[in-house]
Amino acid sequence: MHEALPVFVPNSETLPRTVMNETPTNQASAAGHAGAASITSDEQLMLAFSKGSSYAFDELFSRYKQPIYGFFRRRLAESTQAEELTQETFFALLRAAARYEPRALFRTYLYAIGYKILRAHRRKAAFRATFFGQQNFAPDPSKQDATESALWVRRAVEKLEPMDREILLLREFEQLSYAEIADLLQLPLNTVRSRLFRARTALRNLLEPPAVPSTKDAPQEITQKGERT
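The structure reproduced in this document is the subject of the present report. Computed from a prediction, not measured in an experiment: that's the story for all the values here.

Quick notes on the rules
Residues numbered from 1 in each chain as written. Predicted model: local features only at pLDDT ≥ 70, side-chain atom pairs only at ≥ 80, totals over all residues. Heavy atoms only, no water. Helix = DSSP H or I, 4+ residues; strand = E, 2+ residues; numbered from the N terminus. Expected span 1.5 Å × (residues − 1). Buried < 20%, exposed > 50% of the residue type's maximum accessible area, 1.4 Å probe, protein only. Axes fitted to C-alpha atoms, helices over the stretch in contact; angles between N-to-C directions. Parallel < 35°, antiparallel > 145°, perpendicular 65-115°, else oblique. Left-handed = near helix turned anticlockwise from the far one by under 90°. Contact = heavy atoms within 4.5 Å. Salt bridge = Lys/Arg side-chain N within 4 Å of Asp/Glu carboxyl O. Phe/Tyr/Trp six-rings, centres within 6.5 Å; stacked < 30°, edge-to-face > 60°. Nonpolar A, V, L, I, M, F, W, Y, C, P; charged D, E, K, R; others polar.

Further remarks concern helix H4 (residues 79-96). Taking 1.5 Å of rise per residue, the 18 residues of H4 would be expected to cover 26 Å, and the 26 Å separating its terminal C-alpha atoms lies within 8% of that figure. The buried count for H4 comes to 13 of 18 residues, which makes it a mostly enclosed element.

Set out below in structure tokens:
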């Protein structure tokens with residue numbers, strides 16, 4: 001997996017603005033940094049960021065840059081596309097910060113942004129392929145560098161039905177709960193459970209090695225004298 005992502009540094013224009021009081025700027029910044037540094041939960045960090053704490057955003061980015069990159073990398077052929085959509089996801093988070101309300105886990109909120117961006121990217125790719133005849137024949141670096149067994153598993157996953165595949169990836173790789181997946185994909189909880197069971201069963205069947213016929217079932221060879229061996 002690609003380990004390093006481009007440095008993401010929000011500028012002063014992208015951060016939410018707050019009303020300044022008479023406290024000197026450096027003292028206010030230090031106080032805000034100290035307050036955000038004592039926060040541990042994602043939801044509290046996001047609330048602090050929505051009020052203007054750049055440190056809170058830095059911490060969230062540090063926690064989720066690799067998981068979000070992995071989310072895209074498992075669904076896209078090129079690592080550069082995964083990097084671009086990862087950046088786009090965090091820019092979208094910046095733009096939405098002022099409207100953030102802690103109605104769900106921050107993780108679900110962030111993956112929902114990423115999933116929306118992924119769907120938009122797929123629609124654009126389908127449009128280009130349909131109207132301009134552009135198709136992506138670039139080799140997949142992860143497949144080139146993967147072991148044979150990992151490549152075998154990836155190809156098996158790609159054979160699953162799209163929704164079953166998405167649920168399986170969200171559960172097994174992103175480690176989202178059933179409730180989070182249901183909220184993200186807007187599906188009933190029981191549907192998520194049944195589709196996940198079906199996806200796991202299908203994947204297990206795809207990964208099972210083909211049955212080797214026993215010697216009893218093998219056809220007997222006939223010698224030149226017409227006798228069976």
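So that's the structure; there's more coming.
Before going further, it helps to spend a moment on the environment of phenylalanine 57. Within the element layout of this structure, phenylalanine 57 appears in helix H3 (residues 54-73). For phenylalanine 57, a relative accessible area of 0% corresponds to the buried category. Between the C-alpha atoms of phenylalanine 57 and aspartate 42, which are 15 residues apart in sequence, the distance is 9.9 Å.

A word on the packing of helix H2 (residues 42-50) against H3. Two elements in contact, H2 and H3, have axes separated by 8 Å at closest approach and are oriented at 140 degrees. What the angle tells us is that H2 and H3 run oblique. Our pair here, H2 against H3, has a crossing hand that is left-handed. Where H2 approaches H3, its residues Asp42, Leu45, Met46, Ala48 and Phe49 are matched on the opposing element by Ala56, Phe57, Glu59, Leu60, Arg63 and Tyr64.

Here the focus is the pattern of salt bridges. Considering all chains together, one arrives at eleven salt bridges under this definition. The salt bridge partner of aspartate 42 is arginine 63, with a shortest N-O separation of 2.6 Å. Of this pair, aspartate 42 sits in helix H2 while arginine 63 is found in helix H3, placing the two residues 21 residues apart along the sequence. When its relative accessible area of 30% is taken as the criterion, arginine 63 is described as partly exposed. Note that aspartate 164 is salt-bridged to arginine 195, the shortest N-O span being 2.7 Å. Residue aspartate 164 is located in helix H8 (residues 162-172), and its partner arginine 195 is located in helix H10 (residues 189-207); the two are separated by 31 residues in the primary sequence.

The next point concerns the packing of aromatic side chains. Following the criterion strictly, the structure yields nine aromatic pairs and no others. Between phenylalanine 61 and phenylalanine 90 the ring centres are 4.8 Å apart and the planes differ by 80 degrees, which places this aromatic pair in the edge-to-face class. One end of the pair, phenylalanine 61, is in helix H3; the other, phenylalanine 90, is in helix H4, with 29 residues separating them in the sequence. The exposure classification of phenylalanine 61 matches that of phenylalanine 90, with both residues buried. An angle of 65 degrees between the planes, with centres 5.5 Å apart, marks the rings of tyrosine 64 and phenylalanine 106 as edge-to-face. Here tyrosine 64 is found in helix H3, whereas its partner phenylalanine 106 is found in helix H5 (residues 106-132), with 42 residues between them in sequence.

Turning our eyes to something else, we now look at the packing of H8 against helix H9 (residues 178-185). Working note: a packed helix pair is described by the angle between its axes plus the distance between those axes. Between H8 and H9, the least distance of the axes is 10 Å, while the angle of their chain directions is 135 degrees. Classified by the interaxial angle, the pair formed by H8 and H9 is oblique. Crossing handedness for the pair H8 and H9: right-handed. Within the contact between the two elements, H8 uses Met163, Glu166, Ile167, Leu170 and Arg171 and H9 uses Tyr178, Ile181, Leu184 and Leu185. Classifying every residue of the contact of H8 with H9 gives seven nonpolar, no polar and two charged.

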